[in-house]
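Spelled out, the chains give:
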Amino acid sequence: MKWYKVAGVSDIAVPVSKISAGGKKLCLVNNENQFFALGSKCPHAGADLTNGWCESKKLICPFHRYAYDLETGRGNAGQNDFLPTYPVEIRNNDIYVGIPSFWDKLKGI
Ligand code: FES
């Protein structure tokens, strides 16, 4: 797992931000000062989820309002889809996102 510094905690003024880490475009979600990193491309029809919003600990797609759990990435019942999620750590007021390497994925990390 490689960790990438993506922003300072005080730099994140909106609930859903566009970030990149390890060559991936991601959503960084600030839900009541708890941060989550998820894929930014909606699995339904490809909308940019960084234009979405949060409701009840879910990221809502701006196109057709599909909802994804911030912790697990699981879509609501009946959607049968999910978003990839990535670990987030706060270190000295900076936000880091962990991106697993190819080998980590093979090992199931
Ligand atoms: S593109 Fe996201 S719900 Fe349809």
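Residues numbered from 1 in each chain as written. Predicted model: local features only at pLDDT ≥ 70, side-chain atom pairs only at ≥ 80, totals over all residues. Heavy atoms only, no water.

Named according to an unreviewed UniProt entry, the protein chain is Rieske (2Fe-2S) protein originating from Mucilaginibacter jinjuensis.

Summarising the element assignment, Thr50 is placed in the loop between strand S4 (34–39) and strand S5 (53–55). A residue is classified by how much of its surface remains accessible, and Thr50, at 10% relative accessible area, is buried. Polar side-chain contacts of Thr50 include one of 2.6 Å to the side chain of Asp48. Leaving out residues up to four positions away in the same chain, Thr50 has contacts with Val16, Ser17, Lys18, Leu26, Cys27 and Ser40. (Helix = DSSP H or I, 4+ residues; strand = E, 2+ residues; numbered from the N terminus. Buried < 20%, exposed > 50% of the residue type's maximum accessible area, 1.4 Å probe, protein only. Polar contact = N/O pair within 3.5 Å; in protein donor to acceptor, adjacent residues only side chain to side chain. Contact = heavy atoms within 4.5 Å.)

All told, the structure shown has four salt bridges when counted by the stated rule. The salt bridge involving Lys18 is made with Asp48; its shortest N-O contact spans 3.3 Å. Taken together, the positions of Lys18 in strand S2 (residues 16–21) and Asp48 in the loop between S4 and S5 put the pair 30 residues apart, joining distant regions of the chain. Taking the relative accessible area as the measure of exposure, Lys18 reaches 59% and is therefore exposed. (Salt bridge = Lys/Arg side-chain N within 4 Å of Asp/Glu carboxyl O.)

This next bit is on the sheet that holds strand S1 (residues 2–8). Here we have three strands laid out as an open sheet, ordered S1-S10-S9, and antiparallel in their pairing. What marks the edges here is a single partner per strand, and that holds for S1 and strand S9 (88–91). Between one strand axis and the next, the sheet turns through 30° on average, direction left out of account. Judged from the four bridges that link them, S9 and strand S10 (residues 94–99) form a sheet pairing that is antiparallel. In the strand pairing of S10, Ile90 is matched with Ile95. (Pairing = 2+ DSSP bridges. Axes fitted to C-alpha atoms, helices over the stretch in contact; angles between N-to-C directions.)

Working definition: the strands of a sheet are paired by backbone hydrogen bonds and lie parallel or antiparallel to each other. Strand order in the open sheet formed by three strands is S5-S6-S7, and the pairing between neighbours is antiparallel. Of all the strands in the sheet, the pair left with one neighbour each is S5 and strand S7 (67–69). Each strand of the sheet is rotated relative to its neighbour by a mean of 35°, with strand direction disregarded. Of the strand pairs in this sheet, S5 and strand S6 (residues 58–60) are connected by three bridges, and their pairing is antiparallel. Across the sheet, residue Cys54 finds its bridge partner in S6, namely Leu59.

Moving on: the UniProt feature "domain: Rieske" (unreviewed entry) in the protein chain. In the numbering adopted here, UniProt assigns the feature "domain: Rieske" (unreviewed entry) to residues 4–97. The annotated region residues 4–97 carries 0% helix and 47% strand content, and the separation between its end C-alpha atoms amounts to 5 Å. (UniProt positions renumbered as here; feature names shortened; annotations may be inferred.)

Attention now moves to the packing of aromatic side chains. One pass over the structure, following the stated rule, counts one aromatic pair. A ring pair is formed by Phe102 and Trp103, whose centres lie 5.2 Å apart and whose planes are at 75°; its orientation type is edge-to-face. With respect to burial, Phe102 and Trp103 carry one shared label: exposed. (Phe/Tyr/Trp six-rings, centres within 6.5 Å; stacked < 30°, edge-to-face > 60°.)

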